[in-house]
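A structural walkthrough
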Amino acid sequence: SFSKFRIEGPDACRWLGRLCANDIDVEIGRVVYTPWLNEQGGIEADLTVTRLAEDRFWVVSAPATRIRDLAWLRSHLEPETRVEIHDVTGDYAVLGVMGPHSRSLLSAVAGSSLANADFPFATSQQIEIAGAGLLALRITYVGELGWELYVPWGDALGVYDAVAGAGESFGLRLAGFHAMNSLRIEKGYRHWGHDVTPDDNPFEAGLGFAVAMEKAGGFLGREALG
């Protein structure tokens, strides 16, 4: 699930920041929700960007737009830009652990604290479950407490078994993408291709909070937004 790209290189922050309407020049570990815009200010993608290091970022978008988003990235890469784009979609499984008991459940199987003070909203950390290292993002598409766990494929079954096994005492239930889609509609979260398209700008779509109009260096589509 989800499309996943790792962007790295000396120019990664400046170059990717130019494509993102929101400001991604943030502290390491921060998760930023941002649209990508075209020159007319229309929304070309709706995604999150996590800063893994000074020169490395983790981009997550919809599973259906993997090839489209990869092409968008590559089409804006100049030969002299010191950036590498890695499509790692097939290298990682994603387990979404979401709901009011998600912190208690994950705390029971992870080797680190998931308390709010230690793991705030819209941040990421490397944690360990069932002996496997994974990237955990405290963000969800259902709009409630929860985490997205990005697990190397070879470790995914072991992590799933650990979470599912511990989940019995927390009332864990399995749910799929259709359930998540219903919940995101209830929460008012947008979906690219249905709620927002290249014909809609972020202010029309109610996503002005994800646009940093005054950020240094500007961004693609900034002029069209006024």
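Since the model is a prediction, treat every value here as computed from it, not as a measurement.

Helix and strand counts for the protein stand at 5 helices and 9 strands. Shown N-terminal to C-terminal, the secondary structure of the protein runs as helices and strands in the order β-α-β-β-β-α-β-β-α-β-β-β-α-α. Computed over C-alpha atoms, the radius of gyration of the protein comes to 18 Å, within 12% of the 17 Å expected from 2.2 N^0.38 for 226 residues, which places it in the range of a compact globule. Dimensions of the protein along its principal axes, counting C-alpha atoms only, are 55 × 35 × 35 Å. Looking at the protein as a whole, 48% of its 226 residues qualify as buried. Sequence separation of 24 or more characterises 62% of the internal contacts of the protein that already satisfy a separation of 6 or more. Here the protein displays about 11000 Å² of accessible surface, and carbon together with sulfur accounts for 52% of that area.

Okay, helix α2 (residues 66-75) next. Where α2 is concerned, the buried positions are Asp69, Leu70, Trp72 and Leu73. Taken around the axis of α2, the buried residues stretch over an arc of 155°, which confines them to a single face. Along α2, the residues that are exposed and aim more than 90 degrees away from the buried face are Ile67, Arg74 and Ser75. Along its buried surface, α2 packs onto β1 (3-8), α1 (12-19), β2 (31-37), β3 (43-53), β4 (56-61) and β5 (84-87).

This part is about the sheet that holds strand β7 (residues 124-129). Spatial ordering of the open sheet is given by β6-β9-β8-β7, a layout of 4 strands whose pairing is antiparallel. Both edges of this open sheet fall to β6 (92-98) and β7, since each of them pairs with a single strand only. When strand polarity is set aside, the average angle formed by the axes of neighbouring strands in this sheet is 30°. Here helix α3 (residues 102-109) sits on the sheet in contact with β6, β7 and β9 (146-152), set at roughly 35° to β9.

Here we come to the nonpolar core. If you look at the biggest cluster of nonpolar residues, it comprises 22 residues, and the most contacted ones within it are Ile7, Leu16, Trp36 and Leu73. Of all the secondary structure elements, the ones that give two or more residues to this core are β1, α1, β2, β3, β4 and α2. Among the elements that take part in this core, α1 stands out by supplying 5 residues, more than any other. Ranked by size, the runner-up nonpolar core spans 20 residues in total, among them Val97, Leu134, Leu149 and Val163.

Bringing the packing of aromatic side chains into the picture now. Here the structure, examined in full by the defined rule, presents 6 aromatic pairs. Relative to Phe177, the ring of Phe2 lies with its centre 6.1 Å away and its plane at 70°, an arrangement referred to as edge-to-face. Here Phe2 is found in the segment before β1, whereas its partner Phe177 is found in helix α5 (residues 177-187), with 175 residues between them in sequence. Residue classification places Phe2 among the buried residues on the basis of a relative accessible area of 12%. Linked through ring pairs, Trp58, Tyr92 and Tyr150 together constitute an aromatic cluster.

This brings us to the packing of α3 against helix α4 (residues 153-167). Relative to each other, α3 and α4 sit at 120°, their axes nearing to 9 Å. Classified by the angle between their axes, α3 and α4 sit oblique to one another. For the element pair α3 and α4, the recorded crossing hand is right-handed. Of the residues in α4, those touching α3 at Leu105, Leu106 and Val109 are Ala162, Val163, Ala166 and Gly167. Its residues placed into classes, the contact of α3 with α4 shows 6 nonpolar, 1 polar and no charged.

Cut-off values and rules
- Residue positions are given per chain, counted from 1 along the sequence in the order it is written.
- Given that the model is predicted, a residue must reach a pLDDT of at least 70 before its local features are reported, and side-chain atom pairs must reach 80 or more before they are shown or counted; all residues, however, enter totals for whole chains, interfaces and linings.
- Derived side-chain values reflect all non-hydrogen atoms in the structure, with water molecules and hydrogen atoms excluded from consideration.
- Under the scheme used here, helices are H or I runs from DSSP no shorter than 4 residues and strands are E runs no shorter than 2 residues, and both carry numbers assigned from the N terminus.
- As a reference, a globule follows 2.2 Å times the number of residues to the power 0.38, and the radius of gyration itself is taken over C-alpha atoms.
- Each residue's exposure class comes from its accessible area (1.4 Å probe, protein chains only) as a fraction of the maximum for that residue type: buried when under 20%, exposed when over 50%, partly exposed otherwise.
- The criterion used for residue contact is that any of the two residues' heavy atoms lie within 4.5 Å.
- Computed with a 1.4 Å probe, the accessible areas rest on the Shrake-Rupley method; for each residue, only the protein chains presented here act as cover.
- Within this analysis, the arc is defined by the directions that extend from the helix axis to the C-beta atoms.
- Any two strands between which DSSP finds at least two bridges are classified as paired.
- In this analysis an axis means a line fitted to C-alpha atoms, helices contributing only their contacting stretch, and an angle means the value between N-to-C directions, from 0 to 180 degrees.
- Among buried residues, those of type Ala, Val, Leu, Ile, Met, Phe, Trp, Tyr and Cys that are joined through side-chain atoms within 4.5 Å constitute a nonpolar core.
- Side-chain rings of Phe, Tyr and Trp (the six-membered ring for Trp) are treated as a pair once their centres are within 6.5 Å; stacked means planes under 30 degrees apart, edge-to-face means over 60, and tilted covers the remaining angles.
- Any angle that falls under 35 degrees is termed roughly parallel, while one over 145 is termed roughly antiparallel, one within 65 to 115 roughly perpendicular, and all others oblique.
- Take the far helix as the reference: if the near one is turned anticlockwise from it by less than a right angle, the crossing is left-handed, and if turned clockwise, right-handed.
- Put simply, Ala, Val, Leu, Ile, Met, Phe, Trp, Tyr, Cys and Pro go in the nonpolar bin, Asp, Glu, Lys and Arg in the charged bin, and everything else, Gly too, in the polar bin.

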